[in-house]
Amino acid sequence: MKYDDAALMLAAHLLQIKAVKLSPKHPFTWASGLLSPIYCDNRVTLSYPAVRTFIRQQFVEKIMQNFGKPDVIAGVATGGIAQGALVAQELGLPFVYVRSEKKSHGMQNQIEGVIESGQSVIVIEDLVSTGKSSLLAVDALREAGAEVKGMVAIFTYQMEIAKKNFEEKKCQLITLSNYETLIHKAVEESYVTEDDLQSLQEWRKDQQAWQLAVGR
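The structure displayed is predicted, hence computed values, not measured ones. (Residues numbered from 1 in each chain as written. Predicted model: local features only at pLDDT ≥ 70, side-chain atom pairs only at ≥ 80, totals over all residues. Heavy atoms only, no water.)

Break down the overall build of the protein chain for me, citing the residues and quoting the values.
Looking only at helices and strands, one finds eight helices and ten strands in the protein chain. Taking 2.2 N^0.38 as the reference for a compact globule, 216 residues should give roughly 17 Å; the C-alpha atoms of the protein chain span a radius of gyration of 18 Å, in line with that estimate. The principal-axis extents of the C-alpha atoms in the protein chain amount to approximately 50 × 35 × 30 Å. Within the protein chain, contacts between residues separated by at least 24 positions form 64% of all contacts whose residues are at least 6 apart in sequence. For the protein chain, the exposed surface amounts to about 10,900 Å²; the carbon and sulfur share of it is 48%. (Helix = DSSP H or I, 4+ residues; strand = E, 2+ residues; numbered from the N terminus. Rg over C-alpha atoms; globule rule 2.2 N^0.38 Å. Contact = heavy atoms within 4.5 Å. Areas by Shrake-Rupley, 256 points an atom, 1.4 Å probe, with all protein chains shown as cover.)

Below, the structure written as structure tokens:
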């Protein structure tokens, strides 16, 4: 399998700064209760200027290559806010961010910032798992009359349910790196062993079956 050089470089960065941690033998528990051999916190990248700059540059490159310059950049709260603002600054564009739901007080906004009906938007996200929370932002923007051209994220776990969810919403997803690339890099640089690789691959194919297999 051929891997994209920029995606490999980003995977190496994420592993080096421990934004991504792999532990197939002692899995993490997500907020949903799902057991996982991987934990990803891309907010860590903001503390490393060189990595932060690389991500910003890759975002801009992917946006221009795949969509062209939009009217507005929108970040998904909370992980996509800082990344989105950096991208908007680089492109000289307006920025808004989208909450998971409307505020219960004040103006009851879900979209913070100024966006006009008919404007084209690229959505910035830090991480895509099932895609459910990310696509809530797409729904909100469309309800406001915006034309969502697509979403660009730092990383995806490449879950089949996410692929299905984005297809159903007719929203193109582009990511800077992904699970398969990351575990390839992790084995190559000895963050995990070859023996761990099969377990990591099995988790991506079927999270529930993997959880039963690890016996917890």
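Structure shown, so let's carry the discussion forward.
Requested: an account of the side chain of Q211, with residues and values cited.
Positionally, Q211 belongs in helix 8 (residues 207-213). A polar contact is formed between the side chain of Q211 and the backbone nitrogen of L35, at a distance of 2.7 Å. (Polar contact = N/O pair within 3.5 Å; in protein donor to acceptor, adjacent residues only side chain to side chain.)

Help me get a handle on the packing of aromatic side chains, residues and values and all.
One pass over the structure, following the stated rule, counts six aromatic pairs. Taken together, a centroid distance of 5.8 Å and an interplanar angle of 85 degrees make the contact between F155 and Y157 edge-to-face. Under the relative-accessibility criterion, F155 is labelled buried at 0%. Site record: aromatic cluster; members linked through ring pairs are W30, F155, Y157, Y179 and W203. (Phe/Tyr/Trp six-rings, centres within 6.5 Å; stacked < 30°, edge-to-face > 60°. Buried < 20%, exposed > 50% of the residue type's maximum accessible area, 1.4 Å probe, protein only.)

Account for the pattern of salt bridges, naming residues and giving values.
When the charged atoms of two side chains lie near each other, side chains of opposite charge can form a pair. Taken as a whole, this structure holds eight salt bridges when the rule is applied. D41 is paired through a salt bridge with R43; the nearest N and O atoms lie 3.7 Å apart. Judged by relative accessible area, which is 43%, R43 ranks as partly exposed. Salt-bridge contacts for E180 lead to R204; the nearest nitrogen and oxygen are separated by 3.0 Å. Remark: R204 occurs in helix 7 (residues 194-205) and E180 occurs in helix 6 (residues 179-188); sequence separation between them is 24 residues. Of the two residues, E180 and R204, both sit in the buried class. Each of the salt bridges in this network shares a partner with another, and the network as a whole consists of K185, E188 and E189. (Salt bridge = Lys/Arg side-chain N within 4 Å of Asp/Glu carboxyl O.)

Outline the pairing of strand 9 (residues 147-156), supporting the account with residue identities and numerical values.
In terms of burial, strand 9 is a largely internal element, eight of the ten residues being buried. With eight bridges joining them, strand 8 (residues 120-128) and strand 9 adopt parallel strand pairing. Looking at strand 9, one finds that I122 is bridged to G150. What joins strand 8 to strand 9 is helix 4 (residues 132-143), and the crossover it makes is right-handed. (Pairing = 2+ DSSP bridges. Right-handed = clockwise from strand over helix to strand, strands pointing away.)

Let's hear about the environment of S129: which residues, and what values?
Tracing the backbone through its elements, the reader meets S129 in the loop between strand 8 and helix 4. Relative accessible area serves as the criterion here: at 25%, S129 is assigned to the partly exposed category. Residues S129 and Q158 lie 29 residues apart in sequence; the distance between their C-alpha atoms is 7.3 Å. When neighbours within four sequence positions are excluded, S129 is seen to be in contact with W30, Y157, M159 and A162.

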